[in-house]
Amino acid sequence: MRSTVNWEDPGLPERDGVQNSVQDLDFSRDGEILVVAVANLVLIYDAKEGDLLHRLRGHKDTVYSVAFVRDGTRFASGGADKTVIIWTRKGDGILKYTHNDSIQKVCYNPSTDQLASCTAQDFGLWSKEQKSVAKHKVFPRVLSSAWSNDGKYLALGHENGKISIRDNKGAEKHVVERNAPIWCMAWAPNGLSVGSSGSNPNPEVLELLAVGCWDQTLSFYQATGVQHLKDRKLHFYPCSLSYFSDGEYIVIGGSDRRATLCTKEAVRLCAICDKKDWVWSVCAQPYPVLDGGNGDTGKAKASPMVAVGCYGGSISVYTLNFSLVHGLHQDRYAYRSNMTDVVVSHLPTDRKVKIKCRDYVKKIALYNDRLAVQLPDRINIWELSGNGAPEGPPGSNAAASAVRGGATSTRDVKGGGPDMHYRMRKEKIYTTTPCNQLLIVANHIVIAQERKLMLCNFSCGDARRKEREWNFDSDIKFIRTNGGPAGREGLLLGMADGRVLKTYVDNPFPIQLLKTPNSKAVECVAMSYNRSKVAVVDEDHRVIVYELRSEAGEGGATATAAPAMKAPVRSEAAEEPALIGRAGRRGQKGVKKELASADPMANMTNDDALKSDVELSAAMKAAASNVQSAGGGRILFSEPNAVHVAFNDEIDGMLAYNGNGVLSIKTGNYPTHHQQMEGAVVGFSQSKIYMLVGDKLHVEDPEPEEEEAEEEEEEGEGKEADEAKKKKKGK
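Residues numbered from 1 in each chain as written. Predicted model: local features only at pLDDT ≥ 70, side-chain atom pairs only at ≥ 80, totals over all residues. Heavy atoms only, no water.

J.: Just to check I follow, could you spell out the overall build of the protein chain for this structure?
T.: Along the protein chain, the regular secondary structure elements total five helices and 58 strands. The buried share of the protein chain, taken over its 731 residues, is 49%. Pairs at least 24 residues apart make up 47% of the contacts formed inside the protein chain by residues separated by at least 6 positions. As displayed, the protein chain has an accessible area near 35,400 Å², and 46% of this comes from carbon and sulfur atoms. (Helix = DSSP H or I, 4+ residues; strand = E, 2+ residues; numbered from the N terminus. Buried < 20%, exposed > 50% of the residue type's maximum accessible area, 1.4 Å probe, protein only. Contact = heavy atoms within 4.5 Å. Areas by Shrake-Rupley, 256 points an atom, 1.4 Å probe, with all protein chains shown as cover.)

J.: Please explain the packing of aromatic side chains as it appears in this structure.
T.: What characterises a pair of aromatic rings is the spacing of the ring centres plus the angle enclosed by the ring planes. Enumeration according to the criterion identifies 16 aromatic pairs in this entry. Here the aromatic residues Trp183, Trp214, Tyr237, Trp278, Trp280 and Tyr311 are joined through ring pairs into a cluster of three or more. (Phe/Tyr/Trp six-rings, centres within 6.5 Å; stacked < 30°, edge-to-face > 60°.)

J.: Which parts of the structure should I look at to understand the environment of Thr98?
T.: Along the chain, the position of Thr98 falls in strand β9 (residues 93–98). Thr98 sits 15 residues away from Thr83 along the chain, and the two C-alpha atoms are 4.4 Å apart. In contact with Thr98, not counting residues within four places along its chain, are Lys82, Thr83 and Lys135.

J.: Hey, could you run me through the pattern of salt bridges in this one?
T.: Close approach of charged atoms allows side chains of opposite charge to pair. This model, assessed by the stated rule, comprises 30 salt bridges. Here Asp113 ties to Arg70 by a salt bridge, and the two come within 2.8 Å at their closest N and O atoms. On the criterion of sequence distance, the pair formed by Asp113 in the loop between β10 (103–108) and β11 (115–119) and Arg70 in the loop between β6 (63–68) and β7 (74–79) is long-range, its members being 43 residues apart. Look at Asp113 and you get buried, because its relative accessible area is 12%. (Salt bridge = Lys/Arg side-chain N within 4 Å of Asp/Glu carboxyl O.)

J.: Can you help me understand the nonpolar core in this one?
T.: Nonpolar side chains in soluble globular proteins tend to end up buried together. Residues Val500, Leu513, Leu514, Val534 and Val645 are the most contacted members of the largest nonpolar core, which totals 27 residues. Listing elements by their share of this core, those giving two or more residues are β47 (511–515), β48 (522–527), β49 (533–538), β50 (543–548), β51 (633–639), β52 (644–647) and β53 (654–659). (Core = buried A, V, L, I, M, F, W, Y, C linked by side-chain atoms within 4.5 Å.)

J.: When you look at the pairing of strand β40 (residues 437–440) in this model, what are you seeing that I'm missing?
T.: Sheet faces and side chains relate simply in a regular strand, where the side chains alternate between the two faces. Where β40 lies against strand β41 (residues 444–448), four bridges are found, and the strand directions are antiparallel. Within the sheet, the bridge partner assigned to Gln437 lies in β41 and is Ala448. Here β40 hands over to β41 after three residues, the two strands then running antiparallel side by side. (Pairing = 2+ DSSP bridges.)

J.: Help me understand the side chain of Asp26 in this model?
T.: Relative to the helices and strands, Asp26 resides in strand β2 (residues 22–27). One polar contact links Asp26 to Arg29, side chain to side chain, over a distance of 3.2 Å. When neighbours within four sequence positions are excluded, Asp26 is seen to be in contact with Ile33, Leu34, Val35, Val66, Ala67, Phe68 and Cys283. (Polar contact = N/O pair within 3.5 Å; in protein donor to acceptor, adjacent residues only side chain to side chain.)

J.: Would you mind going over the sheet that holds strand β54 (residues 662–667) with me for this structure?
T.: Two strands in a sheet stick together by hydrogen bonds in their backbones, pointing the same way (parallel) or opposite ways (antiparallel). Spatial ordering of the open sheet is given by β52-β53-β54-β55, a layout of four strands whose pairing is antiparallel. At either end of the open sheet lies a strand with only one pairing partner, and these are β52 and β55 (673–676). The mean inter-strand angle of the sheet, taken between neighbouring strand axes irrespective of direction, is 15 degrees. Sheet analysis places β53 next to β54, joined by six bridges and oriented antiparallel. Bridge pairing links Tyr657 to Ser664 in β54. (Axes fitted to C-alpha atoms, helices over the stretch in contact; angles between N-to-C directions.)

J.: Explain the environment of Glu177 to me, please; I cannot follow it from the model alone.
T.: Mapped onto the fold, Glu177 is located in strand β17 (residues 172–177). Take Glu177: its relative accessible area is 57%, and that puts it in the exposed class. In this view, Glu177 contacts Gly161 and Lys162; residues no more than four positions away in its chain are not counted.

J.: Even after reading the chapter, I still don't get the sheet that holds β6, so can you show me in this structure?
T.: Across the sheet, four strands lie side by side as β6-β7-β8-β9; this open sheet has antiparallel pairing. The open sheet is flanked by β6 and β9, the only strands paired with a single partner. Averaged over all neighbouring strand pairs, the angle between strand axes comes to 15 degrees, with direction disregarded. Examined bridge by bridge, β7 and strand β8 (residues 83–88) share five bridges and lie antiparallel to one another. When the sheet's bridge partners are listed, Ser77 is paired in β8 with Ile85.

J.: Help me understand unusual backbone geometry, please; the structure alone is not making it clear to me.
T.: Phi is mostly negative for residues that are not glycine, and the peptide bonds are mostly trans. Cis geometry is found at the peptide bond from Phe139 to Pro140, where omega equals -5 degrees. Inspection of the secondary structure puts Pro140 in the loop between β13 (134–137) and β14 (142–147). Of note in the backbone geometry, His235 takes a positive phi value of approximately 70 degrees without being a glycine. Mapped onto the elements, His235 comes out in the loop between β23 (227–233) and β24 (238–243). Even without a glycine there, the phi angle at Arg358 is positive, about 55 degrees. Structurally, the position occupied by Arg358 is in the loop between β34 (351–356) and β35 (363–367).

Geometric values such as these leave the question of function open.
Structure (structure tokens):
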């Protein structure tokens, strides 16, 4: 997660040495307006741009609380002048009423628009249908309050640690006693699901209240007063908390001078910002879930904003960008879910397993049967158990260990299928080292930093006891595994100075394969199936395909793989062009004739072939826009508007790349096929292309219907030709 400052206002200057603290703030339900209580003013801001729209002076003393109604057409404010004022969103006063003591908190019922105003002595309930305010005595001082999502319950947090849960008429129903002031509280938007199972698709949803107590804990209670989960130790005094609209995350501000992002179970994830003063108030912007946010379109949710108000008077709005953390290897795809879980999917069968890490997942890496997950202080290693389900009956030691491991499959594993049961290895690698990219191979973890690679054995225990380290004089822009036997795997690196390097985990010396023209930084690298070609996407978004020269090649350039990485020996028959598309479906009959007619070099003499080679070389140079070969590779192909590239894992000369909403497929010397398709190419297996669209991985089969139509058309033409021959014979 990365936060960026959307806008910031330093606030009002000090007056007579007294700081004008931000007491409260709230977004309108559409997220477009932000109201702030500071000093004796109510400030109205444009939430996106930060423009101050109105400065309201209706109060005569400090304003302690502001709150919007559910439809966002009006809001209420209350303060030390014992007055509650209701305003339109344009700043016009509508109504005013008073209490006998200063107003500590105001909040609107999300169901009935009933307004609760709380003081040190009582709280009042008012709605448009009422001519007077219904007041109820309380003791001691109310510090916080919140309505449940269904509007049935009003929770009050008192100065002596009492939590009072009342109905919408003010009658007290349940009481929870704690030993420190209840400074902030909020109801979870989605509540707590109870009784969820396969036989019960509609579980009961209970209201859940999050409570920030000044014993430095965050706790959760049901509407009945029953505690849910154990107290979460915060190690600071919580002053304000706010749920995100989907209920998955909580923002907490307090004495640690930070706004902290936590999961809905209060697992701390990261700091949104660091301030010079206590964070006195936080509020997450209500945001809609875009159409398809959790569906097949892959569109992500809108990036939410968080408003932060400090004791020193500054007002800041931050935009949160939740980056996608994922990994792909062969037919398995792993991604982070809800910041603390990892979901592994077997793409051909769509079987999935969820691994609950119960901590902030920072990086994920996949390789064969291995899975690495980086958490804030360690790297956990998982591996496939070797069978689809834990051995032994329910309740046995094997089944119990599987449950403790935290992996639960979303599909029934009976009846065969791929192994989806991951178990966590005993080895852990403890590290707090910043990591740009994480890789895993058979027996090692690779940690990539800006100009350094660290190789750690699974049993090292601590990343400082690394087995090997590579230091480079340029930044590492891209890295991927390149296969190989256990303990001798290859790594492919793209550098900021334009070099493409290859190294092995058992070798301290990298090999330079090539260097891009004009030393353009390498953004993406892919190597072909037989390791004879390398595709590079540079910083100008140009894809360039190189043919690696062998040791006996021109100029004696040495860019071949090490013996452990040599391509498999293939027979002469295997050197024939792979049959794809229409030829592949129609079989061998008539294919050689078709290929001969399609290949302009099929019937050429040696002189003609030499001449054609020269013309082809010139054509490729023109296509490459005068890009010259460099660093041990001969340029075969070059084209602009590329962001990602991937070779096919079965056909050596076939690759796919994308850019500007266009997917392109190139096979040998044939023309490039283009089609409109959003997303990023992350894999190419057989006829399937793996496209990352937003935060969803899609498996695409480019235009199969058109190819089938062409095949049927050819068959029709063949039938017409046969009928014509029969007629001639008849004549």
